[in-house]
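Given next are the chains, with one letter for each unit.
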Number of protein chains: 2
Amino acid sequence: MNPKETLFQQLDTLAETVARKLSDQGLTLSSAEACTGGLFAARLTELAGSSRFFDRAIVTYSNQAKLDHLEVRPETLEEYGAVSPETAREMAEGLAQVSGSDVCISVTGIAGPGGGTEEKPVGTVFVAVVHQGQTHVFQAPTVNVNRIYNRNHSILFMLDVLNQLL
Amino acid sequence: MNPKETLFQQLDTLAETVARKLSDQGLTLSSAEACTGGLFAARLTELAGSSRFFDRAIVTYSNQAKLDHLEVRPETLEEYGAVSPETAREMAEGLAQVSGSDVCISVTGIAGPGGGTEEKPVGTVFVAVVHQGQTHVFQAPTVNVNRIYNRNHSILFMLDVLNQLL
């Protein structure tokens, strides 16, 4: 079995499942994306009718964008770095504040090939979700195949988290 | 020749060309996306090293998001609709204001399969670019194959516009 095919097939199935759960529950969803660069939003809005549940995405590729749009504190970026559970939490909570969406998900990680360190190797990814007034923070399994694979793996993890929470 | 393959191959080539021009000229790029749902940002940030030029994307799928993040005026949405040259212009200019990026591109259109009207059929797409203090507004050729194709065609048009302006 080709592991790439499996990943992309899983993505299609999970995206449809999450979309159906959101629609059935009448919930809106927004995303705050760093390493995935809009790919999570692109995947969900690929589905016809996604405007029923998808509200907005803020793709904060630069740190300045995280401060401007998501109210991430500069001290958080300085102390913990952009790729950290703390930054993921503030991204999701900031998005919840500005969007008012029912479910807000954030992702920050190192897609590679550059940017890895000993402490945070390529493939390190943190995800946070604000849902029903609570923030849940996760670290994805660290996977490093290549940049495209890693970004899609991040989305798979995000969809899996949403599927379990919804 | 498979027209889909051609489209997707062109996308890869054009994305790399635009990325190289931006990097060579030391320019930053941001996008404001409606119908493409983040796919333009996702395509450009797929390239390793894209953090050198890509700043942020604001995916304003809902009209409220256009008002919140891009300073689009409610009267513009009411009078001309979300899919219009006027809204495209305000999205790009609003993004230029909030981001300070050197080049700001917006896109609004009808990806289908629903949402088309006689006046604005599925495949109608408007793009605006703010570059060197000027705003350029374009209408893409109206193409309707299917939702995925239409969204990728929008991105092809956006990349072509940037390639010509840079």
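A few points on the structure. (Residues numbered from 1 in each chain as written. Chains lettered and ligands numbered in written order. Predicted model: local features only at pLDDT ≥ 70, side-chain atom pairs only at ≥ 80, totals over all residues.)

Here we look at the overall build of chain A
Move 1: Within chain A one finds six helices and five strands.
Move 2: Moving toward the C terminus, one meets the helices and strands of chain A in the order α-β-α-β-α-α-α-β-β-β-α.
Move 3: For the C-alpha atoms alone, the extent of chain A along its principal axes is close to 45 × 40 × 20 Å.
Move 4: For chain A, contacts bridging at least 24 residues in sequence account for 63% of all contacts bridging at least 6. (Helix = DSSP H or I, 4+ residues; strand = E, 2+ residues; numbered from the N terminus. Contact = placed C-beta atoms within 7 Å.)

Comments concerning the interface of chain B and chain A
Move 1: Each side of the interface is counted separately: chain B has 26 residues, and chain A has 26 residues.
Move 2: For the side of chain B that touches chain A, the leading source of residues is strand S2 (residues 54–60) of chain B, giving seven residues.
Move 3: Per-class residue counts for the side of chain B that touches chain A are 13 nonpolar, eight polar and five charged. (Nonpolar A, V, L, I, M, F, W, Y, C, P; charged D, E, K, R; others polar.)

As for the relation of the copies chain B and chain A
Move 1: Of the transformation superimposing chain B on chain A, the axial component is 0.0 Å and the angular component is 180°, with the fit at an RMSD of 0.0 Å. Read as a symmetry element, the transformation amounts to a two-fold axis.
Move 2: Both copies contact each other with a shared surface, as 100% of the interface residues of chain B are interface residues in chain A too. (Least-squares fit on C-alpha atoms with pLDDT ≥ 70 in both.)

Notes on the pairing of S2 of chain B
Move 1: Across the seven residues of S2 of chain B, seven count as buried, placing the element largely inside the fold.
Move 2: As defined by bridge partners, strand S2 (residues 54–60) of chain A adjoins S2 of chain B across five bridges and the pair is classed as antiparallel. Paired with Arg56 of chain A across the strands is Thr60 of chain B, a residue of S2 of chain B.
Move 3: A crossover connection joins strand S1 (residues 29–33) of chain B to the parallel S2 of chain B through helix H2 (residues 39–45) of chain B; in handedness this β-α-β unit is right-handed. (Buried ≥ 20, exposed ≤ 12 C-beta atoms within 10 Å, placed from the backbone. Pairing = 2+ DSSP bridges. Right-handed = clockwise from strand over helix to strand, strands pointing away.)

Examining the nonpolar core
Move 1: If you look at the biggest cluster of nonpolar residues, it comprises 100 residues, and the most contacted ones within it are Ala92, Val127 and Met158 of chain A together with Ala92, Val127 and Met158 of chain B.
Move 2: When sequence neighbours within four positions are dropped, the list of residues in contact with Ala92 of chain B reads Ala32, Cys104, Ile105, Ser106, Ala128, Val129, Val130 and Thr135 of chain B. (Core = buried A, V, L, I, M, F, W, Y, C linked by C-beta atoms within 7 Å.)

Regarding helix H6 (residues 147–165) of chain B
Move 1: Between its first and last C-alpha atoms H6 of chain B spans 27 Å; for 19 residues at 1.5 Å apiece the expected length is 27 Å, and the two agree.
Move 2: Taken as a whole, H6 of chain B has its buried residues at Asn150, Arg151, Asn152, His153, Ser154, Ile155, Phe157, Met158, Leu159, Val161 and Leu162 of chain B. (Expected span 1.5 Å × (residues − 1).)

What to know about the environment of Tyr61 of chain B
Move 1: Here Tyr61 of chain B shows up in the loop between S2 and helix H3 (63–70).
Move 2: Between the alpha carbons of Tyr61 of chain B and Glu78 of chain B there is a distance of 16 Å; along the sequence they are 17 residues apart.
Move 3: Leaving out residues up to four positions away in the same chain, Tyr61 of chain B has contacts with Thr45, Ser51, Phe54, Asp55 and Arg56 of chain A together with Ala34 and Gly37 of chain B.

Details of the environment of Arg73 of chain A
Move 1: As for its placement among the helices and strands, Arg73 of chain A is situated in the loop between helix H3 (63–70) and helix H4 (74–80).
Move 2: On a C-alpha basis, the gap between Arg73 of chain A and Gln25 of chain A in space is 33 Å, while along the polypeptide they are 48 residues apart.

Looking at helix H5 (residues 85–99) of chain A
Residues and elements named next belong to chain A.
Move 1: Between its first and last C-alpha, H5 extends 21 Å over 15 residues, near the 21 Å set by a 1.5 Å rise per residue.
Move 2: Turning to H5, its buried residues are Thr87, Ala88, Arg89, Glu90, Met91, Ala92, Gly94, Leu95, Ala96 and Ser99.
Move 3: Phi turns positive one or two residues past the end of H5, at Gly100, with a value near 70°.

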